[in-house]
Amino acid sequence: MPTPRSLTTAPHADFELEVVAGTWPTDISGEMVFSSPQRCTPMEYAIFDWGAICRLSLEPGTRGAAPGRFAWQSRSIQSPGKRLWDRLPEQFTTSGTGYQSVLGPANASNTAPLPWGGRLYTTWDAGRPIELHPGTLEFVAEVGHRDSWGGGSMPMGGVLPFLLSSAHPVADPDRDCMWSVKLDFVFEPTFGMRPAVVRYDAADGTQVRYWPLDGVVFGGSTHTVSQTRDWLILADSGNFKPDPAEMFGGDRELTIDHEVPVWLIRKEQLDGLPSGSPVAPITIMMAPPSGHFYGRWDDSDGISVVWEGMDLMDLALYLKPDDLDVHGRPIDPAAVGLYNMAMAPESIVEVLFDPDTGRAIERGVHREDWNFNLQLSAMDWSTEGMSRPTLHHVTYQGCRPGNISQRAAKLYEGRIDLDQLREETPGSLATFERGSMALKARWDYTDLGDHITSPTFAPRDCGTNASHSAYAGGEPGGHDGYVVQPVLSDDGFRVELFDAAAVGNGPIAVLRGTDRECVPLLLHSAWMPAHHDLVDAERLRFSDELSDEVMASVPEEFHGAIREVARECDELF
Ligand SMILES: [Fe+2]
């Protein structure tokens, strides 16, 4: 059985859920938000389509739900680019790398939600973070004027800038800023990407600052930015490599790396350094490549990181209509456009990066045959929880040979063990101990029709301790609270709630749509307290970027539509 067909066939819609098993606790609060690519266009690679934000309220009877029921809401992110696409869809073409247009590329903002204080952002690797209204979920603004990012990642015209960034910027509670990345294409001496650290201060309003990493050019992407109190941690994700052969219409030739560089930058190196000045990082090599890694905030005894390995998980490979799966069967048409799933079990590592010796010291590793498709995890994101993390909860989606193409298997011949890809295996929610990566608990999803997706941690009794930060529960760290596990299925979407300290006991409560509604592909999720109002702040307007030079880079015939979108967006805050 491949992944549920509803991943690509279910609509984005609002509905209500009800408790169908167990008892919903009264000491859970707040909301779970998700990013999701819509299906606006039949697109070769579905993860490049315009983004939606989805929200599940964890308190019954809120956000318009009937008493005792739970609201699910989904909103299209109506960025300037999406508004232009709505008006001028024929001006946008698609390829394996998403939308192209004379107006500029899309900022799909479809990958991850990022709550920050009372504000809500969504992110994408190929665009700036976008701020949404935390009450209505409507688009508010993009982060940082295009010029303050140092211009586009590649010279090109258009009113929509091409800015390669990170889908996982991180909020710094000490500095009240967001750390991200910008990548610039370079062609000399070889084709590659040059990364820069990006800092967005809430107080800066419309500007970001950036500092290129001195002497660094690489061939991958920077999906995650992580941090400790004193250090920023960047890495070549190594799982999504821009392939010039593919970009110019040929077959993909590049494969993912065996090991990747990790770059450490001391935050104080950037204090007072003018934007645009290079900064020298410390480089440490680490294996396997990873899309997601999370530093412990407290670095008094070292830079300790959960490194979620993506062994033989090549996110640049997607399923095509004429593909056969690894067993020679045609790919399910409903799976076309989804990514090629993991071709090996994946490692999770607790690693200490030592900037003095340049070594990566592994303190604990977990990798067993059932660890297929490790992609998404849940942790306590409060400052207290990140300072002293206790438990790390991981969703494994199981082995899905129906979603691995023969084409991929051929490209990775000699690196994959086909015997490991014979059978489908259940998805599992697993809990690991921080520090050792010892497996503490595991719950299996034996129905292979269940596709478990991005979990999140919801603290118990959030906000009841006046000495804690706003997002912290009674005992921060990841054990005192709930793991919320969404389950996508053609039988209807479910939300399963676990006691974070006892995931192995199974769910304590289950929600299901009152009409067994299905939900389409969801990417990352996050937990946040319920906020209803937009924080008062200075923000970038689309019209601020429409200089004469920018407008002159697109044909005159589209200027009317652009001005109309700019007027609409001027009214948003
Ligand atoms: Fe991600």
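Residues numbered from 1 in each chain as written. Predicted model: local features only at pLDDT ≥ 70, side-chain atom pairs only at ≥ 80, totals over all residues.

Some remarks on the sheet that holds strand 14 (residues 209–212)
Stated precisely, the cut-off is as follows: A strand pair is defined by DSSP finding two or more bridges across the two strands. Secondary structure is summarised from DSSP: a helix means a run of H or I of at least four residues, a strand means a run of E of at least two, and numbering begins at the N terminus for each. Lines fitted to C-alpha atoms define the axes, with helix axes restricted to the stretch in contact, and inter-axis angles between N-to-C directions lie between 0 and 180 degrees.
With respect to topology, 4 strands assemble into an open sheet ordered 11-12-13-14, the strand pairing being antiparallel. Either end of the sheet is taken by a strand with one partner, and the two such strands are strand 11 (170–172) and strand 14. Between one strand axis and the next, the sheet turns by 35° as a mean value, whatever way the strands run. Strand direction decides the pairing type here: strand 13 (residues 192–201) and strand 14, joined by 4 bridges, are antiparallel. Bridging across to strand 14, valine 197 finds its partner in tryptophan 211.

Considering the environment of arginine 541
Definition in use: Any pair of residues counts as being in contact when their C-beta atoms, constructed from backbone geometry, are within 7 Å of one another.
You can see arginine 541 is positioned in the loop between strand 32 (525–528) and helix 7 (548–552). A sequence separation of 55 residues divides arginine 541 from proline 486, and the C-alpha atoms of the two residues are 35 Å apart. Non-local contacts of arginine 541, meaning those with residues more than four positions away in its chain, are made with Cys569 and Asp570.

Observations concerning helix 8 (residues 559–570)
The condition is simple: Here a helix's expected span is defined as the number of its residues, less one, multiplied by 1.5 Å. Any residue surrounded by 20 or more other C-beta atoms within 10 Å of its C-beta is treated as buried, while 12 or fewer makes it exposed and the intermediate range makes it partly exposed; C-beta atoms here are placed from the backbone. Read the arc as the range of directions from the helix axis to the C-beta atoms.
Over its 12 residues, helix 8 extends 16 Å from the first C-alpha to the last, a length consistent with the 16 Å expected when each residue adds 1.5 Å. The set of residues buried in helix 8 consists of Ile562, Val565 and Cys569. Angular distribution of buried residues about the axis of helix 8 spans 65°; they occupy a single face of the element. Structural note: helix 8 exposes Gly560, Arg567 and Asp570 on the side pointing more than 90 degrees away from its buried face. Turning to helix 8, the residues buried within the fold contact helix 2 (80–87).

Some remarks on the sheet that holds strand 22 (residues 359–366)
On the basis of which strands lie adjacent, the open sheet formed by 4 strands has the order 19-20-21-22 and antiparallel pairing. Single-partner strands in this sheet number two, and they are strand 19 (290–295) and strand 22. Taking each pair of neighbouring strands and ignoring which way they run, the sheet shows an average axis angle of 25°. Both strand 19 and strand 20 (residues 303–309) contribute to a ladder of 5 bridges, which runs antiparallel. Paired with glycine 295 across the strands is valine 305, a residue of strand 20.

Observations concerning helix 2
When we look at burial in helix 2, the residues that qualify are Pro80, Gly81, Lys82, Leu84 and Trp85. Each element contacted by the buried residues of helix 2 is listed here: strand 4 (70–76), strand 5 (92–95) and helix 8.

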